[in-house]
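Survey of secondary and tertiary structure
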Amino acid sequence: VKPMTPRCTVPKAVPVGKRASLHCHENEGYPKSTYSWYRNSEPLSPDTKSSARLHNSSYTMNPTTGTLVFHAVHKGDTGRYSCIATNDAGFAKCEEQEMEV
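My aim in this report is to walk through the structure given alongside it, one point at a time. If you're wondering where the values come from, they're calculated on a predicted model, not measured in any experiment.

As a further point, take the sheet that holds strand E2 (residues 20-25). One open sheet holds the four strands; their spatial order is E1-E2-E6-E5, and the pairing between them is antiparallel. What marks the edges here is a single partner per strand, and that holds for strand E1 (7-9) and strand E5 (59-62). Taking each pair of neighbouring strands and ignoring which way they run, the sheet shows an average axis angle of 5°. By the bridge criterion, four bridges tie E5 to strand E6 (residues 67-70) in an arrangement that is antiparallel. Bridging across to E6, Asn62 finds its partner in Thr67.

This is the structure in structure tokens:
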């Protein structure tokens, strides 16, 4: 069963240096969906260590739960965030939401 449009929760504004949790979830898809996050239509790597461009980002992403947590946000984390739920039957994307740092 193709995933439904996931519900995305993105904080509107987060002070620099604070923690921010972004959530993405849908429960219609079968088999269970995995989740990937995008900032300004660019995919965020689940592994920040492997990407030189992201090496100073301090976030952790859980593709199974759809949670994206910034441990200490900085100005560069400002942007439009969206999430895609994917399974064998297809994918669905939530609306982009702005997060201001």
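Now, onward.
Further remarks concern the side chain of Glu26. Mapped onto the fold, Glu26 is located in the loop between E2 and strand E3 (34-39). We note that Glu26 is buried and unpaired, the nearest opposite charge coming from Lys32 at a distance of 7.0 Å. At 3.0 Å, the side chain of Glu26 forms a polar contact with the backbone nitrogen of Met4. Engagement of the side chain of Glu26 in a polar contact is seen with the side chain of Ser33, the distance being 2.6 Å. Filtering out sequence-adjacent residues up to four positions away, Glu26 remains in contact with Pro3, Met4, Thr5, Pro6, Ser33, Tyr35 and Ala85.

Quick look at the pairing of E2 now. The alternating pattern of E2 places Ala20, Leu22 and Cys24 on a buried face, while none of Ser21, His23 and His25, on the opposite face, is buried. Inspection of the sheet shows E1 paired to E2 by three bridges, in the antiparallel sense. Along E2, the bridge assignment pairs Thr9 with His23. One ladder, built from three bridges, connects E2 with E6; its direction is antiparallel. The partner of Leu22 across the bridge, within E6, is Leu68.

In total, this model carries two disulfides according to the counting rule given. Paired by a disulfide, Cys8 and Cys94 hold their sulfur atoms 2.0 Å apart. One disulfide, between Cys8 and Cys94, carries an S-S torsion of -100° and so falls in the left-handed class. Taken as a pair, Cys8 in strand E1 and Cys94 in the loop between strand E8 (90-93) and strand E9 (97-99) lie far apart in primary sequence, 86 residues in all. In this pair, the class of Cys8 matches that of Cys94, namely buried. A sulfur-sulfur distance of 1.9 Å marks the disulfide that ties Cys24 to Cys83. Residues Cys24 and Cys83 are joined by a disulfide whose S-S torsion is about -80°; by sign, that bridge is left-handed. Of this pair, Cys24 sits in strand E2 while Cys83 sits in strand E7 (residues 79-87), and the two are 59 residues apart along the sequence. Owing to a relative accessible area of 1%, Cys24 belongs among the buried residues under this scheme. Relative accessible area serves as the criterion here: at 0%, Cys83 is assigned to the buried category. Cysteines bonded in the chain are numbered consecutively along the chain; their disulfide partners then correspond to 1-4, 2-3.

Definitions and limits used
Residues numbered from 1 in each chain as written. Predicted model: local features only at pLDDT ≥ 70, side-chain atom pairs only at ≥ 80, totals over all residues. Heavy atoms only, no water. Pairing = 2+ DSSP bridges. Helix = DSSP H or I, 4+ residues; strand = E, 2+ residues; numbered from the N terminus. Axes fitted to C-alpha atoms, helices over the stretch in contact; angles between N-to-C directions. Buried < 20%, exposed > 50% of the residue type's maximum accessible area, 1.4 Å probe, protein only. Lys, Arg positive; Asp, Glu negative; His and termini not counted. Salt bridge = Lys/Arg side-chain N within 4 Å of Asp/Glu carboxyl O. Polar contact = N/O pair within 3.5 Å; in protein donor to acceptor, adjacent residues only side chain to side chain. Contact = heavy atoms within 4.5 Å. Disulfide = S-S within 2.5 Å.

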